[in-house]
Amino acid sequence: MIPERFEWKTAAKTRKQFQIVRKFLQTADEIIIATDCDREGENIARSIIEKAGAAHKPAKRLWINSLEKNEVIKGFQQLRAGDAYTALYQEAQARQVSDWMVGMNASRL
């Protein structure tokens, strides 16, 4: 079972919150991605940005490993180019799709 295309949908229980975030993303001039610093964090942020129709906007990455005040301030002073983390998003998307395909097809065995 392999679909012609994969489509991500907003869950009913989070749809209201997504609409609020979507409005912010659509009115923003620039996006700062501040999710966890890993593939899954990147996947969550970029999936939301993509679904909101804001993927064309410039993005920067807040890369911190601590929520200590000084580290957060330092992180905002040293925001990184968002494009530098596209590979993390692509890796997570590939894993997500492959997990689904293996799960759907191999679980019958």
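Peer 1: Which parts of the structure should I look at to understand the packing of aromatic side chains?
Peer 2: Between two aromatic rings, the relevant description is the distance of the centres plus the angle of the planes. Taken as a whole and judged by the stated rule, the model has 1 aromatic pair. An angle of 20° between the planes, with centres 4.8 Å apart, marks the rings of Trp63 and Tyr85 as stacked. With Trp63 in the loop between strand S2 (59-61) and helix H3 (69-77) and Tyr85 in the loop between strand S3 (80-81) and helix H4 (86-106), this residue pair connects regions lying 22 residues apart in the sequence. Relative accessible area serves as the criterion here: at 24%, Trp63 is assigned to the partly exposed category. Relative accessible area serves as the criterion here: at 11%, Tyr85 is assigned to the buried category.

Peer 1: Explain the pattern of salt bridges to me, please; I cannot follow it from the model alone.
Peer 2: Where side chains of opposite charge bring their charged atoms close, a pairing between them can arise. The final tally for this structure, using the stated rule, is 7 salt bridges. A salt bridge links Arg95 to Glu40, with the shortest nitrogen-to-oxygen separation between them at 2.7 Å. Taken as a pair, Arg95 in helix H4 and Glu40 in helix H2 (residues 39-51) lie far apart in primary sequence, 55 residues in all. Ionic pairing is found between Glu42 and Arg61, a salt bridge with its closest N-O pair at 2.6 Å. With Glu42 in helix H2 and Arg61 in strand S2, this pair connects stretches of sequence that are 19 residues apart. Given a relative accessible area of 0%, Arg61 falls into the buried group.

Peer 1: Explain the environment of Gln93 to me, please; I cannot follow it from the model alone.
Peer 2: Mapping Gln93 onto the fold places it in helix H4. Between the alpha carbons of Gln93 and Lys74 there is a distance of 30 Å; along the sequence they are 19 residues apart. In this structure, Gln93 is in contact with Trp8, Asn43 and Ser47, ignoring residues within four places of it in sequence.

Scoring rules and cut-offs
- Residues numbered from 1 in each chain as written.
- Predicted model: local features only at pLDDT ≥ 70, side-chain atom pairs only at ≥ 80, totals over all residues.
- Heavy atoms only, no water.
- Phe/Tyr/Trp six-rings, centres within 6.5 Å; stacked < 30°, edge-to-face > 60°.
- Helix = DSSP H or I, 4+ residues; strand = E, 2+ residues; numbered from the N terminus.
- Buried < 20%, exposed > 50% of the residue type's maximum accessible area, 1.4 Å probe, protein only.
- Salt bridge = Lys/Arg side-chain N within 4 Å of Asp/Glu carboxyl O.
- Contact = heavy atoms within 4.5 Å.

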